[in-house]
Amino acid sequence: MAGLLHLARYREQAGQHPIETITLRAAEELGQYYSEHALAVLGQADPDPVHVAARKALDWLQDHPQPSQAVSHRDLFAAVRCKAIPRSEDLIPAVELLTAAGWLRPAPPPATRTPGRPSRSYLLHPALYQR
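Keep in mind it's a predicted model, so treat the numbers as computed, not measured.

Basis of the calculations
Residues numbered from 1 in each chain as written. Predicted model: local features only at pLDDT ≥ 70, side-chain atom pairs only at ≥ 80, totals over all residues. Heavy atoms only, no water. Phe/Tyr/Trp six-rings, centres within 6.5 Å; stacked < 30°, edge-to-face > 60°. Helix = DSSP H or I, 4+ residues; strand = E, 2+ residues; numbered from the N terminus. Expected span 1.5 Å × (residues − 1). Buried < 20%, exposed > 50% of the residue type's maximum accessible area, 1.4 Å probe, protein only. Arc of directions from axis to C-beta. Contact = heavy atoms within 4.5 Å. Salt bridge = Lys/Arg side-chain N within 4 Å of Asp/Glu carboxyl O.

S.K.: So what's going on with the packing of aromatic side chains? Residues and values would help.
M.R.: Across all of its chains, the model carries 1 aromatic pair by this definition. Here Tyr33 and Tyr34 contribute two aromatic rings whose centre-to-centre distance is 5.1 Å and whose plane-to-plane angle is 75°, an arrangement assigned as edge-to-face.

Here's what the structure looks like:
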């Protein structure tokens, strides 16, 4: 931004003059103004439900340490279930987001098979509990 203000002031001779301190301060003030404006606009925007669910899951995991360093999909869903996430399948995009970010990873299936449908579970990143 300082470069643009400098160009606006000196036009064709901009390369012959150093960028002045006053120009840098003006650029900083403009940056702060636009940053505050952007944060205000984003604060009023509807949040993405996937990000909201991922944040809710991450907060729950941090507040409820898992002794085995793993969590089942069922337990995670029970913790974050709400109007935006009424079914277990609705949590999958949030889990995928947390997996992509490195907070979760799919746990290997158990060595012995049990009757019924196997439950998905996830291993947790150790940094979840380092505050």
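Picking up where we left off.
S.K.: Pulling in residues and values, what's your account of helix 3 (residues 49-63)?
M.R.: For helix 3, with 15 residues, the first-to-last C-alpha span of 21 Å sits near the 21 Å given by 1.5 Å per residue. Among all positions in helix 3, only Ala53, Ala54, Ala57, Leu58, Trp60 and Leu61 are buried. Taken end-on, helix 3 shows its buried residues confined to a sector of 160°, consistent with a single buried face. In this fold, the buried residues of helix 3 make contact with strand 1 (70-72), helix 4 (73-80), helix 5 (92-100), strand 2 (104-106) and strand 3 (121-124).

S.K.: Give me the pattern of salt bridges: which residues, what numbers.
M.R.: Side chains that carry opposite charge are capable of pairing whenever their charged atoms lie near each other. Counted under the stated rule, the structure contains 3 salt bridges. Among the ionic pairs, Arg55 bridges to Asp59, the shortest N-O distance being 2.8 Å. With Arg55 and Asp59 both in helix 3 and 4 residues apart, this pair spans about one turn of that helix. You can call Arg55 partly exposed: its relative accessible area is 43%. The closest approach of N and O atoms between Asp90 and Arg87, which form a salt bridge, is 3.0 Å. We classify Asp90 as partly exposed; its relative accessible area is 26%.

Any functional reading would require information beyond the geometric quantities listed.
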